[in-house]
Amino acid sequence: MADLGRLSLWLALAVCAYGIGASLYGVRTGRVEFSDSGRRSVYALAGILTVAFVVLELAFLRNDFAFNTVADASIITTPEGYRAAAVWSSQEGSLLLWAWLLSLWSSLALFLTRKRMRDVAAYATAILLGFGGFFISLMVFYATPFATTNPRPVEGVGLDPLLRFPTMIIHPPMLYSGYTLCTIPLAFGMGALLARRVDAEWIRSIRRFAFAAWLFLGIGILLGARWSYSELGWGGYWGWDAVENASLMPWLTGTAFLHSLMIQEKRGMLKVWNVSLVLATGTLAIMGTFLVRSGVLNSIHAFGGATLGVPFVVLIAILIASSIYLVVSRRDMLRSEHRLDSLLSRESIFLANNVVLVSLCFVIFWGTYFPLISEALTGREASVGPPWFDRYTVPLALVLVLLSGIGPVIAWRRATLANARRNFVTPVVVALLTLVALLAEGVREKPFAIAMFCCGAFVFGSIGQEFFRGVRARRAMAEEAVPLALLALVRRNRRRYGGYIVHIGMAVLFIGVAASSSFQHASELGLSQGQSARVGAYSVRYVRPTATITPKYDAAHTGSTLSLGAELDVTEHGRHVATLQPSEGYYASQEPSQGSVGSLIGGQPVSHISMNAGVTRDVWTAIEPDIETPALQRIVKVGNQTLPPEDAVVAIGYLARAYLKNPPVAQFHFIDSPLVMWIWIGGLIVMGGGLVAIWPTPSAVRRRVSMRSRARSAQGLARA
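What comes next concerns the included structure. (Residues numbered from 1 in each chain as written. Predicted model: local features only at pLDDT ≥ 70, side-chain atom pairs only at ≥ 80, totals over all residues. Heavy atoms only, no water.)

Helix and strand counts for the protein stand at 22 helices and 10 strands. Scaling as 2.2 N^0.38, a compact globule of 720 residues should have a C-alpha radius of gyration of about 27 Å, and the protein matches this with 29 Å. Its C-alpha atoms give the protein principal-axis dimensions of roughly 90 × 70 × 60 Å. Burial statistics for the protein: of 720 residues in total, 55% are counted as buried. (Helix = DSSP H or I, 4+ residues; strand = E, 2+ residues; numbered from the N terminus. Rg over C-alpha atoms; globule rule 2.2 N^0.38 Å. Buried < 20%, exposed > 50% of the residue type's maximum accessible area, 1.4 Å probe, protein only.)

Attention now moves to helix α2 (residues 32-61). Between its terminal C-alpha atoms α2 stretches 44 Å, which fits the 44 Å expected from 30 residues at 1.5 Å a residue. Taken from the residues just after α2, N63 is the one with a positive phi, measuring 55°. (Expected span 1.5 Å × (residues − 1).)

What follows concerns the packing of helix α12 (residues 346-378) against helix α13 (residues 386-406). Look at α12 against α13: their axes get within 10 Å of each other, and the N-to-C directions meet at 160°. Considering their axes alone, α12 and α13 lie roughly antiparallel with respect to each other. Crossing of α12 over α13 shows left-handed handedness. Of the residues in α13, those touching α12 at I349, A352, N353, V356, L357, S359, L360, V363, I364, W366, G367 and T368 are W388, F389, Y392, T393, L396, V399, L400, L403 and I406. (Axes fitted to C-alpha atoms, helices over the stretch in contact; angles between N-to-C directions. Parallel < 35°, antiparallel > 145°, perpendicular 65-115°, else oblique. Left-handed = near helix turned anticlockwise from the far one by under 90°. Contact = heavy atoms within 4.5 Å.)

The end-to-end C-alpha distance of helix α15 (residues 447-478) is 46 Å, a good match for the 46 Å that 32 residues give at a rise of 1.5 Å each. Positive phi shows up at E479, right after α15, with a value of about 55°.

Right, let's get into the packing of aromatic side chains. Under the defined criterion, the tally for this structure stands at 29 aromatic pairs. Here F53 and W100 contribute two aromatic rings whose centre-to-centre distance is 4.4 Å and whose plane-to-plane angle is 10°, an arrangement assigned as stacked. With a gap of 47 residues between them, F53 in helix α2 and W100 in helix α5 (residues 91-112) connect regions that are remote in the sequence. Here F53 and W100 have matching classes, each one buried. Taken together, a centroid distance of 4.8 Å and an interplanar angle of 5° make the contact between W240 and F389 stacked. Residue W240 is found in the loop between α8 (201-231) and α9 (242-267), and its partner F389 is found in helix α13; the two are separated by 149 residues along the sequence. (Phe/Tyr/Trp six-rings, centres within 6.5 Å; stacked < 30°, edge-to-face > 60°.)

A word on the pattern of salt bridges. Overall, the coordinates contain 14 salt bridges when judged by the stated rule. In this structure, R197 and E201 form a salt bridge, with 2.7 Å as the shortest nitrogen-oxygen distance. One salt bridge connects R575 with E572, and the closest N-O pair in it is separated by 3.6 Å. Each of the salt bridges in this network shares a partner with another, and the network as a whole consists of D36, R39 and R118. (Salt bridge = Lys/Arg side-chain N within 4 Å of Asp/Glu carboxyl O.)

Okay, a negative patch on the surface next. The grouping of E524, E624, D626 and E628 at the surface amounts to a negative patch. Within the secondary structure layout, E624 lies in strand β9 (residues 617-624). (Patch = residues over 30% accessible without salt bridge, like charges linked within 9 Å, V, L, I, M, F, W, Y side chains within 5 Å. Areas by Shrake-Rupley, 256 points an atom, 1.4 Å probe, with all protein chains shown as cover. Lys, Arg positive; Asp, Glu negative; His and termini not counted. Charge placed at Lys NZ, Arg CZ, Asp CG, Glu CD.)

A separate point is the packing of α5 against helix α7 (residues 167-195). Describing two packed helices takes the angle between their axes plus the distance from one axis to the other. Contact geometry of α5 with α7 gives a least axis separation of 9 Å together with a crossing angle of 45°. Between α5 and α7, the interaxial angle falls into the category oblique. The hand of the α5/α7 crossing is right-handed. Side by side, α5 and α7 meet where S94, L97, W98, L101, L102, W105, S106, A109 and L110 of the first sit next to P173, Y176, S177, Y179, T180, L181, T183, I184 and F188 of the second. Per-class residue counts for the contact of α5 with α7 are 13 nonpolar, 5 polar and no charged. (Nonpolar A, V, L, I, M, F, W, Y, C, P; charged D, E, K, R; others polar.)

What follows is the structure, encoded as structure tokens:
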């Protein structure tokens, strides 16, 4: 099986080389058959990499530890679902996933454009195959997923316990789909510049792929935030980690492009800006992949493969240099057909929206890469933390939310005062009423949070007004019930109203972020059994300790050998609210020097948080038990001296019993955080709006079918 995988990679590399040559030869000589052959090379690449991916997936599912990748990332007791997902938990497997997804999305894009823009598509084919060849070369020469060991190990190292979380099964594929989809607009943008075809046709061809990249990246980011909040044990959903930032930057520039492309489609403006955004988004996606694999910046999400840093730096340098050259050399062809008519227009608001999004991206880029920048300039590595990011991103986020409420209701080209008054009275009134309500409730000490609530209310009033007007007009024409009129309204203009839903979702999400970060109460406390503590509006009492021992081959469990925790009673004004049971899992290590008992619990401990989640607030807690007490360490020491490895679990039982009988003081991390659930609700609304916007309308499908039918009829008449 490993030989088949290795052969597949070499064959895939040969296909990439042939496809690049055929595509470039075809477009430069006008030989369409060679361009078509290059496009079919992408289809062949997808098939070959599918075989390679299936080989590796089967190796994981069958616990074939002869594969080094399987031995490093799995173990016999790993549940089957996590075993299947462990493919992309390793450096080598994630590279294969990246290349495979790239081949699949590229095949779809080239299939849909096979009859149009042949010259642009040929250049795009060569560029996409170049990306594929790069990642396949990494697997062939640097980090092969099909390396084997003989004799075959009996057992593997095991999956990182932090990755045993449901969202981590789909988080990497979503994120990698977003990254790989970003390369498709990049390839077609470069292809359009190389072919000197810079009209709006290439924009229309890749619009859905740009939207899909934005959607998948957003889903991946949201799933990662949920994992961080529920699994990492620090109580937050965003820590301005380097790899988190790396996924956010192309999402921001992609968002800017989706807004400004409408201006190019309608007015023929911002051509330089749009192609620059496309090239920047694709380059940032590659840079995000580089951060995960290069080891240049510390991150809990990174693989840390320092050997891959140089090839990625070379690729990124080529992308940046070629992008600058193409834009500068084609600048005369990219001149706008019209100019901005008025600052009071939808074009100017979209342009301001773009400036804010790119500014956010620049701030995050500077903060993320500041350790490298400072080391290059001063010889000393320095970094910035969350307060630095918050200082600049919070005001920009406020402006962004406000603009998302202005843009949909202001007129194109030039808005009159009468038009502006008619469109903005309702949103402004809703925002002012929100401000009055907040002040009446005594919310005064957090100005940025208050401003975000008011901006969010402005968006609700603005978008709600648009839906109300549309439904009223629909009912007047068709005399439909309100639900049917609303459904028909959205179906007839999915792109417009899907975008409105996205704006509502983003406002909800930002309100959740503002409330949960500004009005959070957090406490770090040491409690003994029976003691209580106050956290925000709640009283938390340590009722009793808990302990769980996991049988060695219990595949349904999280994989921890021992879990120690506590049962907590949460009350508010004497009324029971929830029972929380946080724990910390202790995992086996691969260090025999820790002894037969010590090695069973000597791996990295992992917090299993417990929370009571509600619409208005979450009560969140994690525990750090103290197992370094003399009584507990004595059990470990005696077990190491007297018990062979096969009987060491007996000592773990004694340790759990001693912990339950005489629990030491435990450290608890308590958080009372309002409106966190609205972050996830807002994210779901955004995803729903994105799906509505990207889904083709029935009329568009019928139009394409009709055009194909007419084309076939014309070909038949020509032959006759």
